[in-house]
Amino acid sequence: MTGPGVAGQETGAYGAIPRKEDARFVRGQGTFVDDISLPGMLHGAILRSPLAHARIISVDASAALAHPKVEAVLTGADLAGRGLAWMPTLSADVQAVLATDKVRFQGQEVAFVVAQDRYAARDALELIAVEYEPLPPVIDARTALAEDAPLVRDDLAGRADNRVFDWNAGDKTATDAVFATAEVTVGCDMVYPRSHPAPLETCGIVAASDAVTGRLTVWSTSQAPHAHRTLYSVITGLPEHKIRIVSPDLGGGFGSKVPVYPGYLCAIVASMVTGRPVKWVEDRSENLMSTAFARDYHMHGEIAATADGRILGVRARVLADHGAFNATAQPTKYPAGFFHIFTGSYDLQAAFCEVTGVYTNKAPGGVAYSCSFRVTEAVYLVERLVDLLARELEMDPAQLRMRNLLRPEQFPYTCPTGWQYDSGDYPRALALAMDLAGYQELRREQAERRGRGEYMGIGISFFTEGVGAGPRAHMDILGLGMADGADLRVHPTGKVVLAVSVQTQGQGHETTFAQLVAHELGLTPDDVEVVHGDTDRTPFGLGTYGSRSTPVSGAAAVLAARKVRDRARLVAAAMLELSPDDLDWLDGKWRVRGDPDRGAGIAEIAMAAHSSLELPDGVEGHLDASAVYNPPNLTFPFGAYICVTDVDPGTGEVTVRRFIAVDDCGVRINPMIVEGQVHRGLADGIGMALMQAIAFDENGNCLGGSFMDYLLPTALECPSPELGATVTPSPHHPVGAKGIGESATVGSPPAVVNSVVDALAPFGVRHADMPLTPANVWRAIQGRPVRPDLAVS
Amino acid sequence: MKVTLTVNGTEYARDVEPRLLLIHLLRDELGLTGSHWGCDTSNCGACVVWLDDTPVKSCTVLAVMADGRRVLTVEGLANGASLDPVQQGFAQCHGLQCGFCTPGMMLTARWLLNNNPHPSPYQVREAISGQVCRCTGYENIVKAVLWAAEYEAAEHGAAEHGAGG
Amino acid sequence: MQVPAQVEYERAGSVEHALTLLARYGPAARVLAGGHSLIPMMKLRLAQPEVLIDINGITDLCYINLTGTQLRIGTLTRHAQLLESSVAGEHFAILHDAERVIADPIVRNWGTVGGSLCQADPSEDLSAAFAAMKGTMIIHGPDGSREVSAREFHAGPYETVVGSSELLTEIRLPIRPGGGSGYRKVSRRAGDWPVVAAGAALLLDGDVITDAGIGLTAVGATHFAAAEAEGFLRGRTATPQTLARAGQIAAENCRPVSDQRGPADYKRHLACELTTRVLGVAVARARGLTT
């Protein structure tokens, strides 16, 4: 089972091998940030605003400072004295580190206590007196642009309202023309509610500043350690070469560990102030209330078609709630992420979307929660619209999709908003999913059950993802191009160390990347050690999010390995006293053409390169190589999902009975890990569709601030998924792989919602917003749907 | 306040504040960082350890309540170098990704199998329903526990066969 | 992680010892049983007792006994023990129905029956179950013990009639032939508090309902009970129409409030729906038609 290529569909080192990293995790020997303890380490705690919007009159920390175990207290005024009260966000806005003028959301950071232990730090928070003058908050995004709306960001010069941006994509004129003449148009309002990635490990940091060497060492929960290093340098003025970021084992991330958060900076400053290491780890309420929200899109979508079901165009108008600071983590050029991939998987004539971002008195964030930069919202919109169209036309939704899916011969395909899909065979994937599901039989069963007064739903979604950001002509984050490096060291005995810029949060990089390199060099994955998560030991790159590790960093690793292989050819030729042209790479070795029993593998060649062998031209001594990969395009994984639900209309309870998922992510390096990624995303989608949402009451109180209120699915809500695969290689990736980390999160929510709405069709329900809690389902049946972003009333 | 407890077979005595949570005694005082915490409200189960003979959420137990009792954590699951079948199952079946929930999940799985050596998939799901995993969608955790059950049944069968023969 | 404020700690070795400690510390003390309601509240600093009196050492409060006409449950009985108890399940299916959906298996290992009752959360499951079964609570105090009906045990949200120098020690449930019971909860997810839950315990003589107990939680029902619906059922034939009408009466007489688990109108609907359904289950069980 552990041999290369035994269990997998590929030859060489690819295949479903167990993970190398598991040895430490099953023994409880992982090292997460809160596991790190340094001599003399202090503990930080953050005092947060209880109010959503208020002016700060005074902050008095004298009683806290008098606590015998308190070493320091930082306030906004202290940070302002260092020029650090505000920091840049990932979207070119600024965010308060510790509030100086106003608090702008409930949970905003107001003061930072540093004490000898975590219990004392927490106690001391109660000794800080803050006087607030409450201000009316902006809670409902739909009223944020009203003339009388309070101004959230009066700190920004020249800002007269709560508008963050207006942005659009596509051809408005052409789209309006299509809609004006279409035989059928259908529209719908839908909310993708505010959500939170909620990795099981919250965010945290241990900051150790050394006044003598001027070095700052940071252990933190970071999906992007190199980007964090650059950001810390820019923010603090510390020279970048004096900063080392270590991202140890991460207990999940899902996008939430991409940004730099105020707590990190507070810990860094506190370490500088006290001269001692300072640890700060969020509690769960802090995590849910102040860092990393996602989604919060209020959308109106429309779809136009012919009477016989030919889709012609889509258009959308979106109101995006960005909270108090625009801290969205995504490529700079796209304020709505990749939302304009909302044309989906269909062959249509025209599309246009416009997005308006607004400030509200809610937590900042807008992270890519396994959503590939708003592809989740886009897919949800178009897949709900297609189902609405099917209902309008009284067509089977599978048939309608099959009729309109892009055909294999249309690839590479440029969609009406400009994305160039690299490869795909969509009808094959949908046909496979329908086959696995027994689709026609399910429809027959549904009809039978309806006759008996039982409500079963069948929901389909077909998605196209865009992952692997990204081409540097279009994509950067704060001016940093989205390329990633790989360094490969080949030791004399042929063992290899690969250093990469990306950082796993559970995706299994130590295994998959070892397989990638082993595959190229005729080695086993055990011959390859993967180093990551330490900026002193790895090349620069932008990190792991948006399913970019295999598409970008994986490609860099492969290119570095191929450089090693090319150099090994020269050495092998010298060893065998032949011309390099006489050698072929075959079955993991350079072999003599016509005499394949003669040849040399990487281990022998590496030793020779280090030996007294007279080195050929082009070889300086050893086989080490580096590469930086600039992706020419995104990769476009896709999939067809079918969800079967049972709904109890008397109680509103939804049971997900089956989930069939066919994914195509190109070549699969480790199919076991790929399937694990899909399992995760399906659970995520079920969670978002059925229970995960963060609402706010009229005063701006967060109503999802703990795991009692922000519900995550358990093993009892998640079905045993039925997976299928098709393989359509990416034509531009070195091994034909595409990203997979987020496909299921993107694809599954509309399948669940389509299924529940399908179940409720006999009640005349045509749409219901997530989360489809029992209450929301029952209210949908009553024709009185709830607003998922506000307090239930 | 003095507290004496046996963790993974080793007796420890510490002087602690009565409010100290068991999870913090284990992690901060005893250096056993394999047990994690993930919430404040007894919902996530990352902190599950055994107190005497049953798994509990150690973020909701005071250290002083464990006085005179036995605690089993992930660090005590293996028998020396030999992994518990549950640990083997998790690695074999890709029952973990980030590894953060894994110690608690494995301790519950061990308890389940001690009481029910042949659980159904539903019984496994029910047993772990107070513990959150954000990575696996639970599917491979269920498979891992069933793998361990089968492994132990085979071992048991082999032992019986050996004894009889 | 959130942590409790400073607190003193005493360990009680017997009921008498616990009562002595309670008398010594007065209202500043809280009894610590499983702690699975109290400790989270302390971590969130919504509860800040000065002293905890740990009763986990009083092992003789941990029992489930059958005596002639009563099932007696010691206050320190863990939820898991009640769920595993065949004698409890045999006489009161409602107990197993309810315990199966209280929190999760790990919490049930350590959380106690008495602790849940004394926390007196308005959404607590066992309060409704014991109300349906018309149980009796035994409370020990400095002057001996007293009995309080389950219907009089709660003084309001998070409040019981157990005084600051008293200890709940036992719950007694009357066993009567011809009975059937059940419990049904709607929650947003496994392990969550109920949106609404209903329990029923019926006595049947042939098809006639001779006594009815209906418990409701999370809908603001007085003493977790639906007294008006019970009165309606008594003496009537157990037809689907009768049970449905009882459900309506239960819904009309509760006072649900909207929260993130659901709007008040939905909760009122559920009070009707779940009462009707669980009455049906209780009737079927009384007739021996289902387990």
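Residues numbered from 1 in each chain as written. Chains lettered and ligands numbered in written order. Predicted model: local features only at pLDDT ≥ 70, side-chain atom pairs only at ≥ 80, totals over all residues. Heavy atoms only, no water.

> So what exactly am I meant to see when it comes to the domain arrangement of chain A here?
Much of the literature gives interface size as the accessible area that the parts lose upon coming together. Residues and elements named next belong to chain A. Segmentation of chain A into domains returns domain 1 (33-135 + 202-249 + 258-290), domain 2 (297-469 + 633-782) and domain 3 (483-629). At the boundary of domain 1 with domain 2, total buried surface from both sides reaches about 1700 Å², with 60% on carbon and sulfur atoms. Remark: the boundary between domain 1 and domain 2 carries 0 salt bridges. By residue number, the principal contributor to the side of domain 1 that touches domain 2 is helix H8 (residues 284-290), which donates 5 residues. When grouped by side-chain class, the residues that make up the side of domain 1 that touches domain 2 number 12 nonpolar, 8 polar and 3 charged. (Domains from an automatic or database assignment. Buried area = accessible area lost by both parts, 1.4 Å probe. Salt bridge = Lys/Arg side-chain N within 4 Å of Asp/Glu carboxyl O. Helix = DSSP H or I, 4+ residues; strand = E, 2+ residues; numbered from the N terminus. Nonpolar A, V, L, I, M, F, W, Y, C, P; charged D, E, K, R; others polar.)

> What is the right way to read the domain arrangement of chain B from this model?
All names here are of chain B. If you check the domain split of chain B, you get domain 1 (2-76) and domain 2 (85-164). Using C-alpha coordinates to define each centre, domain 1 is positioned 22 Å away from domain 2. Facing 17 residues of domain 1, the contacting portion of domain 2 comprises 14 residues. It is His-36, Trp-50 and Val-74 in domain 1 that bury the most area against domain 2; as a group they hold 40% of the surface buried on that side. In this structure, the connection of domain 1 to domain 2 is made through 0 salt bridges. Inspection of the region where domain 1 meets domain 2 yields 4 residue pairs in polar contact (both at pLDDT 80 or more). Classifying every residue of the side of domain 1 that touches domain 2 by side-chain character gives 9 nonpolar, 6 polar and 2 charged. (Contact = heavy atoms within 4.5 Å. Polar contact = N/O pair within 3.5 Å; in protein donor to acceptor, adjacent residues only side chain to side chain.)

> What is the right way to read the sheet that holds strand E2 (residues 29-32) of chain C from this model?
Note on sheets: strands pair through backbone hydrogen bonds, and any given pair is parallel or antiparallel. All names here are of chain C. Spatially, 3 strands are ordered E1-E3-E2 in an open sheet, and the strand pairing comes out parallel. At either end of the open sheet lies a strand with only one pairing partner, and these are strand E1 (8-11) and E2. Neighbour to neighbour, the strand axes of the sheet diverge by 25 degrees on average, direction disregarded. Sheet topology note: the E1/strand E3 (residues 51-54) ladder contains 4 bridges and is parallel. Bridging from a neighbouring strand, Glu-8 pairs with Val-51 of E3. (Pairing = 2+ DSSP bridges. Axes fitted to C-alpha atoms, helices over the stretch in contact; angles between N-to-C directions.)

> When you look at the interface of chain B and chain C in this model, what are you seeing that I'm missing?
The interface of chain B with chain C comprises 34 residues on the first partner and 30 residues on the second. With both chains or domains summed, chain B and chain C bury close to 2700 Å², and 65% of this area falls on carbon and sulfur atoms. The largest per-residue losses of area from chain B upon contact with chain C belong to Arg-19, Asp-40 and Met-65 of chain B, which jointly make up 24% of the total buried on that side. Applying the counting criterion to the chain B and chain C interface returns 2 salt bridges. The salt bridge involving Asp-104 of chain C is made with Lys-57 of chain B; its shortest N-O contact spans 2.7 Å. At the boundary of chain B and chain C, one finds 9 residue pairs in polar contact (both at pLDDT 80 or more). Listing elements by their share of the side of chain B that touches chain C, those giving two or more residues are helix H1 (22-29), strand E3 (48-51), strand E4 (54-57), helix H3 (102-115) and helix H4 (121-127) of chain B. If one sorts the elements of the side of chain B that touches chain C by residue count, E4 of chain B sits on top with 4 residues. Looking at side-chain class alone, the side of chain B that touches chain C contains 17 nonpolar, 10 polar and 7 charged residues.

> I tried to follow the packing of helix H13 (residues 509-521) of chain A against helix H14 (residues 549-576) of chain A on my own but got confused; where do I start?
Residues and elements named next belong to chain A. Two elements in contact, H13 and H14, have axes separated by 9 Å at closest approach and are oriented at 35 degrees. In the packing of H13 onto H14, the handedness of the crossing is right-handed. On H14, the residues that touch His-509, Thr-512, Phe-513, Leu-516, Val-517, Glu-520 and Leu-521 of H13 are Ser-549, Thr-550, Ser-553, Gly-554, Ala-557, Val-558, Ala-561, Arg-562, Val-564 and Arg-565. (Left-handed = near helix turned anticlockwise from the far one by under 90°.)

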